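Okay, here's what each chain looks like letter by letter:
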Amino acid sequence: MKRFGWAALVAVIATASSATETAPQGAGLGVEALPETRVAVMPPLAPAAQDLRDMLAAGGDDLAPLDAIYALHGYAPIWDLMKTAALLGAIDAAPGHGLPAERYDLSALRALPPKPGADYAAREVALSQAFLRYARDLNSGVLEPRRVDRDIVVSPKRPDPGALLEGMAETPDPIGYLAALAPAHRHYTDLLAEKTRLEALIAAGGWGAPVPGGRSLKPGDSGDRVVSLRQRLGVMQGADYGDAPEFDSALEAAVQKAQVSFGLNDDGVVGPKTLEAINVAPQTRLQQVLVNLERQRWLNYDRGARHIYVNQADFSVQVIDNGETTLWSRVVIGKNGHRTQEFNDEMTYMVVNPTWHVPRSIATEEMLPKLKGNPGALGRSMQIMTRNGTQVNPALIDFSQFTTRNFPFIIKQRPGGGNALGRVKFMFPNEFNIYLHDTPSKSLFGRDVRAYSHGCVRVQKPFELAHVLLGAQSDDPKASFQGYLDGGAERYVNLDAPVPVYLTYQSAWVDRFGEPQYRADIYGRDARVFDALRAAGVTTVAVDG
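Rules of the game
- Here, residues in each chain are numbered from 1, in the same order as that chain's written sequence.
- Under the rules for a predicted model, residues below a pLDDT of 70 receive no local features and side-chain atom pairs below 80 are neither given nor counted, while totals for whole chains, interfaces and linings still include all residues.
- Based on all heavy atoms of the structure, the side-chain values leave hydrogens and waters out of the count.
- The helix and strand labels rest on DSSP assignments: H or I over at least four residues marks a helix, E over at least two residues marks a strand, and numbering proceeds from the N terminus.
- Any residue under 20% of the maximum accessible area for its type is buried, any over 50% is exposed, and the rest in between are partly exposed; the area is computed with a 1.4 Å probe on protein chains only.
- Here, two residues are considered to be in contact whenever any of their heavy atoms come within 4.5 Å of each other.
- Here, Shrake-Rupley sampling with a 1.4 Å probe gives the accessible areas, and only protein chains in the shown set may cover a residue.
- Confidence per residue, as judged by the predictor, is encoded in pLDDT with a range of 0 to 100.
- Whenever Lys or Arg places a side-chain nitrogen within 4 Å of a carboxyl oxygen from Asp or Glu, that contact is recorded as a salt bridge.
- Two strands are said to pair when DSSP picks up at least two bridges between them.
- What the arc describes is the spread of directions from the helix axis to the C-beta atoms.
- Under the convention used throughout, the expected extent of a helix is 1.5 Å for every residue step, that is, one less than its residue count.
- N or O atoms within 3.5 Å of each other form a polar contact, as long as, within protein, one can give a hydrogen and the other can take it, and as long as residues adjacent in sequence are counted only when both atoms are side-chain atoms.
- Charge assignment in this entry is limited to Lys and Arg as positive and Asp and Glu as negative, and neither His nor the chain termini are counted.
- Each Phe, Tyr or Trp ring, with Trp reduced to its six-membered ring, pairs with another whose centre is within 6.5 Å; inter-plane angles below 30 degrees give stacked pairs, above 60 give edge-to-face pairs, and intermediate values give tilted ones.
- Only lysine NZ and arginine CZ atoms are considered, and such an atom sits over a ring when it is within 6 Å of the ring centre and within 35 degrees of the ring normal.
- Each nonpolar core is a collection of buried residues, namely Ala, Val, Leu, Ile, Met, Phe, Trp, Tyr and Cys, held together in the definition by side-chain atoms within 4.5 Å.

A look at the overall build of the protein
Stage number 1. In terms of regular secondary structure, the protein is built from 20 helices and 15 strands.
Stage number 2. Its C-alpha atoms put the protein at 90 × 70 × 55 Å along the principal axes.
Stage number 3. Counting the 545 residues in the protein, one finds 49% classified as buried.
Stage number 4. Within the protein, contacts between residues at least 6 apart in sequence are counted, and of these 68% link residues at least 24 apart.
Stage number 5. On the protein, roughly 24,800 Å² of surface is accessible, and the fraction owed to carbon and sulfur atoms is 53%.

Here's what the structure looks like:
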């Protein structure tokens, strides 16, 4: 929505007031205009109300949502003394939510008369426009996600401006009304508390000096680096680990606790990944919190009593039932050249014993070079076919004549244990051809960083996921699924009720035990979102000094 500065608002009043009134009362309100016979008997507006009506009419589509609501209230003021104070107080506190107070022209709003009076129309419009922008940002986010990163294909559900303003006009509790616009999900409220904690910690000096680099530290080691590790972990975890130079069992437990909070394998050894995570500055962690507050605003709506939540930054998937996790599993996501997009969809069916329809990019870029060297390189499970479905014998084909551009075949892999999709895939048809699936490559699930796929999400516990999903429509989901598997043939199994799927990238949150969790920015999305927030005016003293 276009915003008018204070001088421009006064100019619009002058322009609108000098215009000759030709439209019937109620025209241009976004609702059906009243018949002329009714307009004729309506009493004229007071001069101040008429000024407001003229200004809103002159604003065209930009001010149409305001016009519709003010018309319902006879162009009477919305922003009395109490509501004005509540709005200014909320905007003043906007940085507490990681929002940019000056985005709402706070200094200009403070210069307005405290209550309706002189320049009534300009005051009402300025306050209403500031309110609508603040309410939108707080409720559904400052940014348009896809403008920040083309792989963030998330469309926040923006609140209706007319409904927002009508709510403010009618509420007897403006402070409560404004507060209720923020996401109520615990991921958001817990991150607000973590933001406050980090800001206080940074003001008190942070976590102290980083642990010096060097070889991996493990139980039994000793030296100055061990002392430094004790000191930094002590501040980070709010504990006193002393200053002994030996790496003992107590320090090992502290390292394991830190590793869990970073999503790393908790082996108690301070290797490169663990050292890097421990040495991240608290200012950087605060930036992550600001970014993830914004992500939670993008998801500020009912996510469904049952939904599937894939956290790419955590390399995990959860099934959530009525707010509780009923299944958690490690996953493998797309490598950096084939990043998994962030988007929301609905899972509608699974395919048991799936056929793998090899994407053309993989067929031409990865398989064709192998075929040129050895026509039998793909093995018996792979079928090379013409586009009309006729299977061909690779031994009879001269693959050296083909390139990525003119390769004329399609490649499929038969169902079976060695199939690249494993024994089951979970489908939510989308423009990216992304889905969840089993895999025969189990070893990758043991790694700290699990970004190895071409974009789809490989699930460590696919059978358990199938059991949970079938539990809503089968008395014995394990037996049902096993029956599908034992059949051997490809089998489509529809879900009776679609399940919302959220492929997100939450790199900071607070777990159900109250422990802050942080993950590495493997795709660089945190950095891009934070840069966009900073460009929009988001800042904190703790981050920027």
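Moving on, there is more to tell.
Some thoughts on the confidence of the model for the protein
If pLDDT is low for a region, its predicted coordinates should not be looked at in detail.
Stage number 1. Counting all residues, the mean pLDDT for the protein is 91, and 91% of those residues have values of 70 or more.
Stage number 2. Long-range and interchain partners of residues 1-41, a stretch whose pLDDT sits below 50, account for 59 contacts in this model, where long-range means more than four residues apart.

Some words on the pattern of salt bridges
Stage number 1. Following the criterion strictly, the structure yields 18 salt bridges and no others.
Stage number 2. Across the pair Asp-190 and Arg-186 runs a salt bridge, and its minimum N-O distance is 3.5 Å. Placement of the pair is Asp-190 and Arg-186 together in helix H11 (residues 186-203), with a separation of 4 residues, close to one helical turn.
Stage number 3. In this structure, Glu-199 and Lys-195 form a salt bridge, with 2.8 Å as the shortest nitrogen-oxygen distance.

A short note on the pairing of strand E8 (residues 410-413)
Stage number 1. Of the two faces of E8, the one lined by Ile-411 and Gln-413 is fully buried and the one lined by Ile-410 and Lys-412 carries no buried residue.
Stage number 2. Relative to E8, strand E5 (residues 356-357) runs antiparallel, the two sharing 2 bridges. Residue pairing in the sheet places His-357 in a bridge with Lys-412 of E8.
Stage number 3. Of the pairings in the sheet, the one linking strand E6 (residues 382-385) to E8 comprises 4 bridges and is antiparallel in character.

Points about helix H18 (residues 477-487)
Because an α-helix packs 3.6 residues into every turn, residues spaced three or four apart end up facing the same way.
Stage number 1. Within H18, the full set of buried residues consists of Pro-477, Phe-481, Tyr-484 and Leu-485. Taken down its axis, H18 places every buried residue within 100 degrees of arc, on the same side. Opposite the packed face of H18, turned more than 90 degrees from it, sit the exposed residues Asp-486 and Gly-487.
Stage number 2. Buried residues along H18 sit in contact with strand E4 (343-352), strand E9 (424-427), helix H17 (462-470) and strand E13 (491-504).
Stage number 3. Where H18 ends, the next residue or the one after it, Gly-488, has phi of about 80 degrees, a positive value.

Quick word on helix H5 (residues 81-92)
Stage number 1. For H5, with 12 residues, the first-to-last C-alpha span of 16 Å sits near the 16 Å given by 1.5 Å per residue.
Stage number 2. Those residues of H5 not exposed but buried are Lys-83, Thr-84, Ala-86, Leu-87, Leu-88, Ala-90 and Ile-91.
Stage number 3. On its buried face, H5 is in contact with helix H6 (106-110), helix H7 (120-140), helix H9 (161-170) and helix H10 (174-179).
Stage number 4. Where H5 begins, one side-chain oxygen reaches toward the backbone nitrogen of Met-82, 3.2 Å away; that side chain belongs to Asp-80.

Concerning the environment of Val-392
Stage number 1. Along the chain, the position of Val-392 falls in strand E7 (residues 391-392).
Stage number 2. Its relative accessible area of 17% is what places Val-392 among the buried residues.
Stage number 3. C-alpha separation for the pair Val-392 and Ala-472, spaced 80 residues apart in sequence, amounts to 43 Å.
Stage number 4. Once you skip the residues sitting within four places of it in the chain, Val-392 turns out to touch Ile-384, Met-385, Thr-386 and Phe-409.

Quick word on the side chain of Arg-450
Stage number 1. Within the secondary structure layout, Arg-450 lies in the loop between strand E10 (436-437) and strand E11 (451-453).
Stage number 2. Within the buried core, Arg-450 has no salt-bridge partner, and the shortest N-O distance to an opposite charge, that of Asp-314, equals 5.8 Å.
Stage number 3. Among the polar contacts made by the side chain of Arg-450, one reaches the main-chain carbonyl oxygen of Val-331 at a distance of 3.2 Å.
Stage number 4. Excluding its chain neighbours within four sequence positions, the residues that come into contact with Arg-450 are Asp-314, Phe-315, Arg-330, Val-331, Val-332, Ile-333, Leu-444 and Phe-445.

Considerations on unusual backbone geometry
Stage number 1. In the Ramachandran plot, Tyr-75 falls in the positive-phi region, its phi being about 60 degrees despite a non-glycine side chain.
Stage number 2. Mapped onto the elements, Tyr-75 comes out in the loop between helix H4 (64-72) and H5.
Stage number 3. Backbone geometry at Asn-353 places phi at a positive 55 degrees, although glycine is not the residue there.
Stage number 4. Assessed through its relative accessible area of 1%, Asn-353 is described here as buried.

Side note on the sheet that holds E5
Stage number 1. Here 4 strands make up an open sheet; going across it, the order is E5-E8-E6-E7 and the pairing antiparallel. The strands lining the two open edges of the sheet, one partner per strand, are E5 and E7.

Brief notes about the side chain of Glu-342
Stage number 1. Within the element layout of this structure, Glu-342 appears in the loop between strand E3 (324-334) and E4.
Stage number 2. For Glu-342, a relative accessible area of 2% puts it in the buried group.
Stage number 3. Excluding residues that lie within four positions of it along the chain, Glu-342 makes contacts with Asp-151, Ile-152, Val-153, Val-154, Arg-295, Gln-312, Leu-503, Thr-504, Tyr-505 and Arg-525.

Considerations on the packing of aromatic side chains
Aromatic ring pairs are defined here through the distance separating the ring centres and the angle between the ring planes.
Stage number 1. Tallying each qualifying case throughout the model produces 14 aromatic pairs.
Stage number 2. Measuring from centroid to centroid gives 6.3 Å for Phe-399 and Phe-409, while their planes differ by 65 degrees, and the two rings are edge-to-face. One end of the pair, Phe-399, is in the loop between E7 and E8; the other, Phe-409, is in the loop between E7 and E8, with 10 residues separating them in the sequence.
Stage number 3. With a relative accessible area of 2%, Phe-399 lands in the buried category.
Stage number 4. Put simply, the rings of Phe-399, Phe-402, Phe-407 and Phe-409 pair up and form one aromatic cluster.
Stage number 5. In this arrangement the basic side chain of Lys-425 is found over the ring face of Tyr-435, its NZ or CZ atom lying 5.1 Å from the centre.
Stage number 6. In this arrangement the basic side chain of Arg-525 is found over the ring face of Tyr-505, its NZ or CZ atom lying 5.2 Å from the centre.

Some words on the nonpolar core
Stage number 1. The biggest cluster of nonpolar side chains holds 84 residues, and the ones touching the most others in it are Phe-131 and Leu-229.
Stage number 2. Every residue in contact with Phe-131, bar those within four places of it in the chain, is listed here: Trp-79, Leu-87, Leu-164, Leu-165, Met-168, Tyr-177, Leu-178 and Leu-181.
Stage number 3. Core analysis: the next-biggest nonpolar cluster, separate from the first, contains 60 residues, Val-317, Phe-343, Trp-356 and Val-493 among them.

Digging into the pairing of strand E1 (residues 306-311)
Stage number 1. Of all 6 residues in E1, 5 are buried, a share of seventy percent or more.
Stage number 2. Here E1 runs beside strand E2 (residues 316-321); their pairing, made up of 6 bridges, is antiparallel. In the sheet register, Arg-306 faces E2, and the bridge partner there is Asp-321.
Stage number 3. Hairpin connection from E1 to E2: 4 residues lie between these consecutive antiparallel strands, with Phe-315 at a positive phi of about 55 degrees.
Stage number 4. Both E1 and E13 contribute to a ladder of 4 bridges, which runs parallel. Each residue of the ladder has a partner; that of Val-310, found in E13, is Leu-503.

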